[in-house]
Amino acid sequence: DTEVTQTPKHLVMGMTNKKSLKCEQHMGHRAMYWYKQKAKKPPELMFVYSYEKLSINESVPSRFSPECPNSSLLNLHLHALQPEDSALYLCASSQDGFSTPYFGPGTRLLVL
Amino acid sequence: DAKTTQPTSMDCAEGRAANLPCNHSTISGNEYVYWYRQIHSQGPQYIIHGLKNNETNEMASLIITEDRKSSTLILPHATLRDTAVYYCIALNYGGSQGNLIFGKGTKLSVKP
């Protein structure tokens, strides 16, 4: 089983809203990742968590706030986003950061 | 991580083998070659990976040249559902956690 789930599938939010994206895996993986993908572009790495600790932040603006409350769950809290933040947000996980990463289906975000 | 170079697009006839090339001339000895594909608006799907030897699984075969400077992903009998963007990524696990950094990929169009 290599399933990573993401909720919601679609999200529309205003620039003053606060929302959260959720990612979950039950494979016992200890590394989890957030990627952002703009239309017709490849995915771009945002954050990496390793054993529930933030190990990489690719200079992402503070309006994106990741959280890893436990080894199965990864959240991305969104606040005061801009229309240019509209994108597909992808979550991935790997066993320990030294193994094959598996991706979820993504959350399509539209900021109005 | 080594940079990879792939053709922007390729066509393949349905039922024929699709051979997708990737150049990674600066790859180091401990970098794996990973292949993912992304069907429109879905999360990237892991296909196969290898270090030195050729690899085969139920989805595809991966042929890596002896000098490891290039590789070819082979889909033996392409179907319309194989139409996707295919990403070749060099992933370094040596010394620290490896993270997937996507290039532009090859858009494969399988035609009837």
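Keep in mind it's a predicted model, so treat the numbers as computed, not measured.

Caption draft 1: Quick look at the overall build of chain A. Scanning chain A from terminus to terminus reveals zero helices and eleven strands. Going from N to C terminus, chain A has its helices and strands arranged as β-β-β-β-β-β-β-β-β-β-β. A compact globule built from 112 residues should have a C-alpha radius of gyration of about 13 Å, and chain A, at 13 Å, falls within 12% of that. Considering only C-alpha atoms, chain A reaches an extent of 35 × 25 × 20 Å along its principal axes. For chain A, the proportion of contacts with a sequence separation of at least 24, taken over those separated by at least 6, is 54%. Of the accessible surface of chain A, which amounts to about 5500 Å², a share of 50% is contributed by carbon and sulfur atoms. Each charge sign in chain A was given a centre, from 12 positive and 10 negative side chains, and these centres are 8 Å apart.

Caption draft 2: Highlighting the sheet that holds strand β5 (residues 55-56) of chain B. Residues and elements named next belong to chain B. Taken together, four strands build an open sheet; the order of strands is β2-β7-β6-β5 and the sheet is antiparallel. Unpaired on one side and paired on the other, β2 (18-23) and β5 mark the two borders of the sheet. With two bridges connecting them, β5 and strand β6 (residues 61-64) associate as antiparallel partners. Bridged to Glu-55 within β6 is Leu-62.

Caption draft 3: The arrangement of the environment of Glu84(A) in detail. All names here are of chain A. Inspection of the secondary structure assignment puts Glu-84 in the loop between β8 (73-79) and β9 (87-94). Look at Glu-84 and you get partly exposed, because its relative accessible area is 46%. Each C-alpha atom of the pair Glu-84 and Val-111 lies 7.6 Å from the other, and the pair is 27 residues apart in sequence. Beyond its immediate chain neighbours, meaning those up to four positions away, Glu-84 contacts Lys-36 and Lys-38.

Caption draft 4: Layout of the side chain of Arg68(B). Residues and elements named next belong to chain B. Tracing the chain through its elements places Arg-68 in the loop between β6 and β7 (70-75). Buried and unpaired, Arg-68 has no salt bridge, with Glu-31 as the nearest side chain of opposite charge at 6.0 Å. Here the side chain of Arg-68 touches Ser-28 through a polar contact of 2.4 Å, landing on its backbone oxygen. When sequence neighbours within four positions are dropped, the list of residues in contact with Arg-68 reads His-24, Ile-27, Ser-28, Gly-29, Asn-30, Glu-31, Leu-51 and Lys-52.

Conventions used here
Here, residues in each chain are numbered from 1, in the same order as that chain's written sequence. Chain letters start at A and ligand numbers start at 1, both assigned in the order the entries are written. Residues qualify for local features only when their pLDDT is at least 70, as the model is predicted, and side-chain atom pairs are given and counted only at 80 or more; totals for whole chains, interfaces and linings, by contrast, use all residues. As a rule here, side-chain values cover all heavy atoms of the structure and leave hydrogens and water aside. Every helix listed is a DSSP run of H or I at least four residues long, and every strand listed is a run of E at least two residues long, numbered separately from the N terminus. Here the globule rule is a power law, 2.2 Å times the number of residues to the power 0.38, and the radius of gyration is based on C-alpha atoms. Any two residues having at least one pair of non-hydrogen atoms within 4.5 Å are treated as being in contact. Using the Shrake-Rupley algorithm and a 1.4 Å probe, accessible areas are obtained, with residue cover drawn only from the displayed protein chains. Positive charges come from Lys and Arg alone, negative charges from Asp and Glu alone, with His and the N- and C-terminal ends not counted. Note on charges: their place is set at NZ of Lys, CZ of Arg, CG of Asp or CD of Glu. Strands are treated as partners if at least two bridges between them are detected by DSSP. Any residue under 20% of the maximum accessible area for its type is buried, any over 50% is exposed, and the rest in between are partly exposed; the area is computed with a 1.4 Å probe on protein chains only. Any carboxyl oxygen of Asp or Glu within 4 Å of a side-chain nitrogen of Lys or Arg constitutes a salt bridge here. Polar contact is defined as a pair of N or O atoms within 3.5 Å, subject to the rule that within protein one atom must be able to donate a hydrogen and the other to accept it, and that residues adjacent in sequence are counted only when both atoms are side-chain atoms.

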